[in-house]
Structures are given as C-alpha cells and as structure tokens.
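# Residue-level structure breakdown
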Amino acid sequence: MTDINLDDFSIYRKLDPEDMLARIKEFPMQCSQAWQSVMKMVLPKNYSNINQLVILGMGGSAIGGDLVRTLVQEEMKIPVIVHRDYGLPAFVDDRTLLIASSYSGNTEETLSGFESALKMGAKKLVITSGGKLEEMAKVNNIPVFKIKYKALPRAALGYSFMPTLGVLQKLGFIQDKSADVAEIIQVLEKLSSKLDEKSPLKANPAKQLAQRLFGCLPVVYGAGIAAEAAHRWKTQFNENAKSWAFYDIFPELNHNAATGYSLPKDIASKIRVVLLRSPTFSKRIKLRYDVTCELLKQSGVAYEFVDSEGKSSLSQIVSLVSIGDYVSYYLALLYKVDPSPIKYIDYLKERLAKG
Ligand code: PA5
C-alpha cells in the first residue's frame, strides 16, 4: 500500500519539482506546434526520389519514428525502418531518406550512423535541439528541424513524431493528415481534462490504473497501430516511474509468451498485464486478445484493457500514448520518485564518454 494521495495537490510540487506534469499536459500543444513548423519547412526537391526511409535514433528520440511506422504501414508504399544502433544498415543507399533524430544532438549511436551517412549519397534530414548533430548538419547543408521546446527527450515526443509524419506528407508518400491533426488536438485536450491532476481519483482512470499497478510488474500488450504505443508505455514506466516493465506484441506473443505465464509460481500474482486496444483491430486480433485473456486468467495473472480514443488512427495512437504518459507519471508519484531525472541513463552516458 502507498500513503500517497493523488488528489492532494501538495505532492505534485514536492515530488515533481521539474514539472514533468506540465510537459505531459503540453503534448497536444507540442503536436500542433510541431505540425505547423514542419508544414513550413522547405525540403530539397529530390527528397521525394527515395525508395526507403531510415530513422536513426535512440530511446525517447526513436519512439516517434516507430509510432509513425505503425501509423503509415498500411498506406506507404516504401519501407520505414527505425535503426537503434551504431552505424548504418548495409541497405542504406542514395535512394534512402535518412532522418537522424536526437533531442540532445549528442547521442553517440545516432551520431555514429549520421557520420557514416555523411560519406554517402543518402538524402539526410536532422531533428534535434542542437548538439553535435546540428553542427554537423549545418556544416554539410543538411535541413534541420530545430526543436526549441525545452524538455527531457521523452517529454518532447510531439517534436520528433509530428515532423517525421509531416515530412512524409510533404514528400507525397501519405495522404494529407491535417484533419487528423486537428482531431488529435481535440481528443488529447479532452483526455487531459479527464486524466490530469485536477480530475479526482474516483473519476480519473489514469490515477486508478496507476494505483492498481503499484507494487506490480507491468507488462503492456499491443497490436497493429497500438504496438508501438505499448512500447512507449513500457519505456515511460521505466523512465518516469523508475519501474521494471515489459511489452509484447500480438500476434507474435501468442507464439511464445503464453507458454511462460505460469512460472516462476510466485511471480504470477505480481504481474499485471495491460492490453491496449484500438477499434481498427481485425476480428482475428480481437479473438487473439480474448483467448490470451482466458489463458492469463487460468494462470492467475491480472489483466485489464485500455482503449484508444478518437476516430482516426492518428488519434488512436496518440491517445494511447497520452494515457500511458499519465499512468506512468502517477505511478512515479505513488513510488515517491521524481519522474524527471534518469540518473542511470546519465551515469551510463558519462561512463561511456570516458571510454
Ligand atoms: O528518454 C530519454 O531521455 C532517453 O531515452 C533519450 O531519448 C536517449 O538516451 C537518447 O538521447 P537523445 O534523445 O538526446 O538522442
């Protein structure tokens, strides 16, 4: 049990001095501002002459690429690949559009891939707030989507997700998304009023879910357009709530995960599976959700559903992301941890910089 009362406003000032809550509430504004900026961006004409999109990034700067990938996969005729590693895949060539996404502009894996790309004919674009990445792009006359919003990388998601989507629209690879963008602002603002700190526990599903997850190991399941939202939930539980968390994706998880539901025996009661749902799911995926829940129930594993909001696929993805951001935030407070600092990531980066 926790003694934290999520309806007591004094805990927000005490446990969240850097105001992560404000960043979460600003997500609709981020999306809207980033969309307007990318629409004004001028891209070289030959950038539409490509046969694949490769996005370089890590952590909070990579997930926007994956969310775009899931969103456009049924519409886009060329592949979208998110590369989270050093260097470049061997298939990158001069008909590749390479987007290097790093909030800080100093992430070594992303810089390593970008440096390799500078020696090649691939079309390049950078999304960053500065750092070495911006310097290298400027020296090489590479277009930069400059993030001016001050936040931790994961809390500036609107500024990596929307520009990538906007670039694809500007290059003619996807249909006009302006109406969907207008819808997400409405959907996200409505969600915020239901999920923010002013909405009391008894009426606030995010506070309630965080309470049920307190003391549990969250495992988040997704499918189709909700797959990478599940990934985002996992990373937000890690980084905001400083909690272990895992995610898995349908239908693949039905080919392995279910066989491990019962052991070790004392773990089942500690796990809580959150299944993210979207009305876009096919009948077969819906059936898989049902059968999986039967198996979870038989194994004594608690589970529950979280449904997306809005009509468009875009709204459904970002609404799931936003709900997860709130839940991970409240879980941090329940654990009495400051949601902002990520001292283990900072420690790793410092140690790696020393060699
Ligand atoms: O959320 C975070 O802060 C991390 O996951 C970072 O995004 C990650 O370490 C990469 O850094 P950057 O986003 O600055 O490239």
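If you're wondering where the values come from, they're calculated on a predicted model, not measured in any experiment.

### Examining empty space enclosed by the protein
The final tally for this structure, using the stated rule, is two cavities of 30 Å³ or more. A volume near 70 Å³ is recorded for the largest cavity. Counting residues per element, the ones that place at least two in the lining of the largest cavity are α2 (20–25), α3 (27–40) and α10 (227–239). The element that contributes the greatest number of residues to the lining of the largest cavity is α2, accounting for three residues.

### Things to note about the domain arrangement of the chain
By a widespread convention, an interface's size corresponds to the accessible area lost as its parts come together. Once the domains are mapped, the chain shows domain 1 (10–17 + 180–334) and domain 2 (21–176). Taking the mean C-alpha position of each, domain 1 and domain 2 sit 26 Å from one another. Counting residues at the interface gives 30 residues for domain 1 and 20 residues for domain 2. For the pairing of domain 1 and domain 2, the buried interface totals around 2200 Å² over both sides, and the portion due to carbon and sulfur atoms is 71%. Taken as a group, Val 181, Glu 228 and Arg 232 account for 24% of the area that domain 1 buries against domain 2, more than any other trio of residues on that side. Between domain 1 and domain 2 we count three salt bridges in total. Note that Glu 239 and Arg 154 form a salt bridge whose closest N and O atoms lie 3.5 Å from each other.

### Describing the layout of surface pockets
Roughly 760 Å³ of internal volume is contained in the largest pocket. For the lining of the largest pocket, the elements supplying multiple residues, two or more each, are α5 (108–118), α10 and α13 (343–354). With seven residues, α13 is the largest single contributor of residues to the lining of the largest pocket. Per-class residue counts for the lining of the largest pocket are ten nonpolar, nine polar and eight charged. Lining the lining of the largest pocket are residues from two domains, each supplying at least three of them: domain 1 (10–17 + 180–334) and domain 2 (21–176).

### Things to note about the sheet that holds strand β8 (residues 271–277)
Read from one edge of the open sheet, four strands run β7-β6-β8-β9, paired in parallel fashion. This sheet does not close on itself; its edge strands, each paired only once, are β7 (246–249) and β9 (302–307). Taking each pair of neighbouring strands and ignoring which way they run, the sheet shows an average axis angle of 25°. Relative to β7, strand β6 (residues 217–222) runs parallel, the two sharing four bridges.

### Observations concerning the environment of Glu 228
Within the fold, Glu 228 resides in helix α10. Assessed through its relative accessible area of 5%, Glu 228 is described here as buried. In this structure the C-alpha to C-alpha distance between Glu 228 and Ser 102, which are 126 residues apart in sequence, comes to 18 Å. The contacts of Glu 228, once residues within four sequence positions are left out, are Ile 63, Asp 66, Leu 67, Arg 69, Thr 70 and Ile 249. A distance of 3.0 Å separates a polar atom in the side chain of Glu 228 from a polar atom in the side chain of Arg 69.

### Here we look at the side chain of Ser 102
Assignment of secondary structure puts Ser 102 in strand β3 (residues 96–102). Taking the relative accessible area as the measure of exposure, Ser 102 reaches 3% and is therefore buried. Within the structure, the side chain of Ser 102 is placed 3.5 Å from the side chain of Thr 107, a separation counted as a polar contact. Excluding anything up to four places from it in sequence, Ser 102 contacts Ser 61, Thr 107, Thr 110, Ile 127, Thr 128, Ser 129 and Leu 133.

### Here we look at the pairing of β9
Bridging between β8 and β9 involves six bridges; their strand directions are parallel. If you follow Arg 277 over to β9, its bridge partner there is Asp 307. Handedness of the β8-helix α11 (residues 283–298)-β9 crossover: right-handed.

### Observations regarding the site of the ligand
Close contacts around the ligand come from 13 residues, with Ser 61, Ser 102, Ser 104, Thr 107 and Glu 239 the closest. Separating an oxygen atom of the ligand from a side-chain N or O atom of Ser 61 is a distance of 2.5 Å. In the environment of the ligand, an oxygen atom lies 2.6 Å from a nitrogen or oxygen atom belonging to the side chain of Ser 104. Computed on the free molecule, the ligand has an accessible area of 380 Å², of which 94% lies beneath the protein chains in the complex. If you map the ligand onto the pockets, it falls in the largest pocket. Its residues assigned to classes, the shell around the ligand comprises four nonpolar, six polar and three charged.

What counts and how
Residues numbered from 1 in each chain as written. Predicted model: local features only at pLDDT ≥ 70, side-chain atom pairs only at ≥ 80, totals over all residues. Heavy atoms only, no water. 1 Å grid on protein atoms, 1.4 Å probe; cavity = no way out; pocket = protein on both sides within 12 Å on 5 of 7 lines; lining within 4 Å. Points joined across faces, edges and corners; volume = space filled by probe spheres on them. Helix = DSSP H or I, 4+ residues; strand = E, 2+ residues; numbered from the N terminus. Domains from an automatic or database assignment. Contact = heavy atoms within 4.5 Å. Buried area = accessible area lost by both parts, 1.4 Å probe. Salt bridge = Lys/Arg side-chain N within 4 Å of Asp/Glu carboxyl O. Nonpolar A, V, L, I, M, F, W, Y, C, P; charged D, E, K, R; others polar. Pairing = 2+ DSSP bridges. Axes fitted to C-alpha atoms, helices over the stretch in contact; angles between N-to-C directions. Buried < 20%, exposed > 50% of the residue type's maximum accessible area, 1.4 Å probe, protein only. Polar contact = N/O pair within 3.5 Å; in protein donor to acceptor, adjacent residues only side chain to side chain. Right-handed = clockwise from strand over helix to strand, strands pointing away. Near = heavy atom within 4 Å. Areas by Shrake-Rupley, 256 points an atom, 1.4 Å probe, with all protein chains shown as cover. Sits in = over half its atoms within 2 Å of the grid points.

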